[in-house]
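# Architecture at a glance
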Amino acid sequence: MPRIKYTNSDVDLMARMMRAEAEGEGKQGMLYVGNIIVNRANAECLDFKNIRTIPQVIYQVQGGNYSFEAVQKGNVFYNRARSAEKRLAKKNLDYWREHPAKYGLWYFNPYGPCPQTWFGQPFAGQYKNHCFYEPKAGTCASVYV
């Protein structure tokens, strides 16, 4: 059973986002980004209440901006999905999740070392240039399912 319900167009959209956000970090980096996307669709807490689909996650606006920089800036996000990224996205949607993004809801690429918290959320780990953060204990049980 997949981690969330999805369509072929969800796979395409997610694949484009994974590539746009983490192509430079290889397959593993793209899988971590995909994991954050799926976690946000499953999270019924914090900034992600009533966000249940891949398009809702990808096009979510927070603080007047899209949540993902790739949507704001366009870049690779508006290219067609490639089969390699589609396979990775499907893997995330069906079953894949690993540390440091296993329970993560946020990531970013800082200009220096990863801070121990980001907007009050604890640091979960780093992969190449991205720092991953999961919700504070007791604030988002739905992510740990």
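In what follows, the structure referred to is the one given above.
Residues numbered from 1 in each chain as written. Predicted model: local features only at pLDDT ≥ 70, side-chain atom pairs only at ≥ 80, totals over all residues. Heavy atoms only, no water.

## Notes on the nonpolar core
Put simply, the test is: Remark: nonpolar core denotes a set of buried residues (Ala, Val, Leu, Ile, Met, Phe, Trp, Tyr, Cys) joined through side-chain atoms within 4.5 Å. Relative accessible area decides the class of each residue, using a 1.4 Å probe on protein chains only: under 20% of the type maximum gives buried, over 50% gives exposed, and in between gives partly exposed. In what follows, a contact means two residues having at least one pair of non-hydrogen atoms within 4.5 Å.
With 33 residues, the main nonpolar core has Met14, Met17, Met18, Ile37, Ile54, Ile58 and Phe77 as its most contacted residues. If near-sequence neighbours (up to four positions away) are discounted, phenylalanine 77 is found in contact with Leu13, Arg16, Met17, Ala20, Ile58, Tyr59, Ala70 and Val71. One finds Cys45, Leu105, Phe108 and Cys114 within the second-largest nonpolar core, a separate group that totals eleven residues.

## Quick notes on the layout of surface pockets
Heads up, the rule is: The rule is simple: put a 1 Å grid over the protein atoms alone, call a set of points where a 1.4 Å probe fits but cannot get out a cavity, call an open set with protein on both sides within 12 Å along at least five of seven lines a pocket, and count a residue as lining if it has an atom within 4 Å of a point. Grid points are joined across faces, edges and corners, and a volume is the space filled by probe spheres set on the points. Helix and strand assignments come from DSSP, with helices taken as H or I runs of at least 4 residues and strands as E runs of at least 2, each series counted from the N terminus. We call Asp, Glu, Lys and Arg charged. Ala, Val, Leu, Ile, Met, Phe, Trp, Tyr, Cys and Pro are nonpolar, and the rest, Gly among them, are polar.
Reported here for the largest pocket is a volume of approximately 840 Å³. For the largest pocket, the lining is made up of 29 residues, of which Ser67, Glu69, Tyr107, Phe108 and Trp118 are closest to its centre. For the lining of the largest pocket, the elements supplying multiple residues, two or more each, are helix H1 (8–22), strand E2 (65–66), helix H4 (69–73) and strand E3 (106–108). Across the lining of the largest pocket, the residue classes break down as twelve nonpolar, ten polar and seven charged.

## Some words on the packing of aromatic side chains
The line we're drawing: Two rings from Phe, Tyr or Trp (for Trp, the six-membered ring) form a pair when their centres sit within 6.5 Å of each other. Planes less than 30 degrees apart are called stacked, planes more than 60 degrees apart edge-to-face, and all others tilted. Each ring is checked for a lysine NZ or an arginine CZ that lies within 6 Å of its centre and within 35 degrees of its normal; such an atom marks a charge sitting over the ring.
This structure, assessed with the given rule, holds 15 aromatic pairs. Ring centres of tryptophan 118 and phenylalanine 119 lie 5.2 Å apart, and the angle between their planes is 65°; this geometry places the pair in the edge-to-face category. Owing to a relative accessible area of 23%, tryptophan 118 belongs among the partly exposed residues under this scheme. Residue classification places phenylalanine 119 among the exposed positions, given a relative accessible area of 75%. An aromatic cluster of three or more residues is present, and its members are Tyr32, Phe68, Trp96, Tyr107, Tyr127 and Phe132. The side chain of arginine 16 reaches across the aromatic face of phenylalanine 77, ending 4.5 Å from its centre.

## Remarks on the pattern of salt bridges
Opposite charge on two side chains lets them pair, provided their charged atoms get close. Threshold: Salt bridge, as used here: a side-chain nitrogen of Lys or Arg that lies within 4 Å of a carboxyl oxygen of Asp or Glu.
Tallied over the full model, the rule gives seven salt bridges. The salt bridge partner of glutamate 69 is lysine 73, with a shortest N-O separation of 3.0 Å. Here glutamate 69 and its partner lysine 73 are both found in helix H4, four residues apart, which amounts to about one turn of the helix. Judged by relative accessible area, which is 47%, glutamate 69 ranks as partly exposed.

## Some details on the pairing of strand E6 (residues 130–133)
To keep things clear, this is the line we draw: Following DSSP output, two strands are said to pair if at least two bridges run between them.
Both faces of E6 are covered, namely the face carrying His130 and Phe132 and the face carrying Cys131 and Tyr133. Pairing of E3 with E6 involves three bridges; the strand directions are antiparallel. Bridge pairing in E6 places tryptophan 106 opposite tyrosine 133. Pairing of strand E5 (residues 121–127) with E6 involves four bridges; the strand directions are antiparallel. Paired with tyrosine 127 across the bridge in E6 is histidine 130. Between E5 and E6, which pair antiparallel and follow one another directly, the connecting turn spans two residues, one of which, lysine 128, has a positive phi of 50°.

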